[in-house]
Amino acid sequence: MPIHSKFLETPEETEAAFYEAISRADVDAVMALWADEENIVCIHPGAPRLVGHAAIRAAWESIFEQGGVQIRPVQRHITQNMMTSVHNIIEEVHRTVSRQQDIHILATNVYVKTHAGWRLATHHASVVPGEAPPDVSVAALLH
């Protein structure tokens, strides 16, 4: 289980720390943001479901072998109550190391409020085919 060094007051603070740690390829910082429970889940684009700290850590270590990944979360749609916060976002992924094209990822991050502050319980991501979808306001979706 990870050791939490900082109390995170909001899900947004946890999310910012998550993407900052990814940009630095800091696996310890990434893992410190996950909830202590062993039923945490991570699904990377095109990859199988990972459950538990050991499997998730191994996947991040593999990703970070080529360095950090610059991800800018945009088009956030958040649903929150007292104990959970679900963030559906588009991740703009900028590849600084490889010559591959930048991509967009649809991601859902689920945060839970714990004794150590807000922590990540689920990260599920999949590649967006083509251009990023436009941002549509909730009001535009209603009758």
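Worth saying up front: this structure is predicted, and the values here are computed from it rather than measured.

A. A look at the sheet that holds strand β3 (residues 70-80). One open sheet holds the six strands; their spatial order is β2-β1-β6-β5-β4-β3, and the pairing between them is mixed. Strand pairing shows two members of the sheet lacking a second neighbour, β2 (50-51) and β3, which therefore form its edges. Where helix α1 (residues 11-24) meets the sheet, its contacts fall on β3, β4 (84-94), β5 (103-114) and β6 (117-127), and the angle it forms with β3 comes to roughly 160°.

B. Expanded view of the pattern of salt bridges. In total, this model carries six salt bridges according to the counting rule given. Ionic pairing is found between Arg 24 and Glu 20, a salt bridge with its closest N-O pair at 3.4 Å. With Arg 24 and Glu 20 both in helix α1 and four residues apart, the pair spans about one turn of that helix. A salt bridge links Arg 24 to Asp 26, with the nearest nitrogen and oxygen atoms 3.1 Å apart.

C. Quick peek at the pairing of β4. The pairing of β3 with β4 spans nine bridges and is classified as antiparallel. When the bridges of β4 are listed, Arg 72 appears paired with Glu 92. Linking two consecutive strands that pair antiparallel, namely β3 and β4, is a turn of three residues. Looking at chain direction, β4 and β5 are connected through ten bridges and run antiparallel. Its bridge partner being in β5, Glu 92 is matched across the sheet by His 104.

D. The packing of aromatic side chains, seen in detail. Applying the stated criterion across every chain yields a total of three aromatic pairs. Here Phe 18 and Trp 60 contribute two aromatic rings whose centre-to-centre distance is 5.8 Å and whose plane-to-plane angle is 90°, an arrangement assigned as edge-to-face. You can see Phe 18 sitting in helix α1 and its partner Trp 60 sitting in helix α3 (residues 53-63), a full 42 residues away along the chain. The exposure class of Phe 18 is buried, given its relative accessible area of 0%. Owing to a relative accessible area of 4%, Trp 60 belongs among the buried residues under this scheme. Counting every residue linked through ring pairs, the aromatic cluster contains Phe 18, Tyr 19, Trp 60 and Phe 64.

Thresholds, definitions, all that
Residues numbered from 1 in each chain as written. Predicted model: local features only at pLDDT ≥ 70, side-chain atom pairs only at ≥ 80, totals over all residues. Heavy atoms only, no water. Pairing = 2+ DSSP bridges. Helix = DSSP H or I, 4+ residues; strand = E, 2+ residues; numbered from the N terminus. Contact = heavy atoms within 4.5 Å. Axes fitted to C-alpha atoms, helices over the stretch in contact; angles between N-to-C directions. Salt bridge = Lys/Arg side-chain N within 4 Å of Asp/Glu carboxyl O. Phe/Tyr/Trp six-rings, centres within 6.5 Å; stacked < 30°, edge-to-face > 60°. Buried < 20%, exposed > 50% of the residue type's maximum accessible area, 1.4 Å probe, protein only.

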